[in-house]
Amino acid sequence: MTRAALYPTLDAGETCATIEIKITYFRPAPAGTIRCETVVLNRGRTIANLDSRLYLGDTLIAQANGNFAILKQKETAAAAA
């Protein structure tokens, strides 16, 4: 849920991996459409922090906060030659 909001900020050749995520559940969601709103709180060169809130209608049912590593893909030997 959270990491997808980071993808548009990545440059070509970058990817990301979850370092840590904490999810707090407030209410059950027995049925219905769940909406997720995510904000990139901080995006540095190698680490990003994102905050997500999940809603069922107008009711906040969960919140997540995560730290993500921003990784640069290494060149392959063939590309470097």
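As shown above, the structure is provided for reference.
Now for a description of the structure that goes with this document. (Residues numbered from 1 in each chain as written. Predicted model: local features only at pLDDT ≥ 70, side-chain atom pairs only at ≥ 80, totals over all residues. Heavy atoms only, no water.)

Description of the overall build of the protein
Of the regular secondary structure elements, the protein holds one helix and four strands. Beginning at the N terminus, the succession of helices and strands in the protein can be written as β-β-β-β-α. Going through the 81 residues of the protein one by one, you find that 23% of them count as buried. Contacts in the protein between residues at least 24 apart in sequence constitute 55% of all its contacts with a sequence separation of at least 6. Summed over all atoms, the accessible surface of the protein reaches about 5600 Å², with 54% contributed by carbon and sulfur. (Helix = DSSP H or I, 4+ residues; strand = E, 2+ residues; numbered from the N terminus. Buried < 20%, exposed > 50% of the residue type's maximum accessible area, 1.4 Å probe, protein only. Contact = heavy atoms within 4.5 Å. Areas by Shrake-Rupley, 256 points an atom, 1.4 Å probe, with all protein chains shown as cover.)

Examining the pattern of salt bridges
Here the structure, examined in full by the defined rule, presents four salt bridges. Residue Glu14 is joined to Arg43 by a salt bridge in which the shortest nitrogen-to-oxygen separation is 3.1 Å. Of this pair, Glu14 sits in strand E1 (residues 14-25) while Arg43 sits in strand E2 (residues 34-43), placing them 29 residues apart in sequence. Given a relative accessible area of 28%, Arg43 falls into the partly exposed group. Here Glu14 makes a salt bridge to Lys72, at a shortest N to O gap of 2.8 Å. Residue Glu14 is found in strand E1, and its partner Lys72 is found in strand E4 (residues 59-72); the two are separated by 58 residues along the sequence. (Salt bridge = Lys/Arg side-chain N within 4 Å of Asp/Glu carboxyl O.)

Here we look at the side chain of Ser52
Tracing the backbone through its elements, the reader meets Ser52 in strand E3 (residues 47-56). In this structure the side chain of Ser52 is engaged in a polar contact, spanning 2.6 Å, whose partner is the side chain of Thr38. (Polar contact = N/O pair within 3.5 Å; in protein donor to acceptor, adjacent residues only side chain to side chain.)

Topic: the pairing of E3
For E3, a buried count of seven out of ten residues is recorded, marking the element as mostly surrounded by other parts of the structure. With nine bridges connecting them, E2 and E3 associate as antiparallel partners. Paired with Asn42 across the bridge in E3 is Asn49. Hairpin connection from E2 to E3: three residues lie between these consecutive antiparallel strands. With ten bridges joining them, E3 and E4 adopt antiparallel strand pairing. (Pairing = 2+ DSSP bridges.)

In short, shape yes, function no, at least from these values alone.
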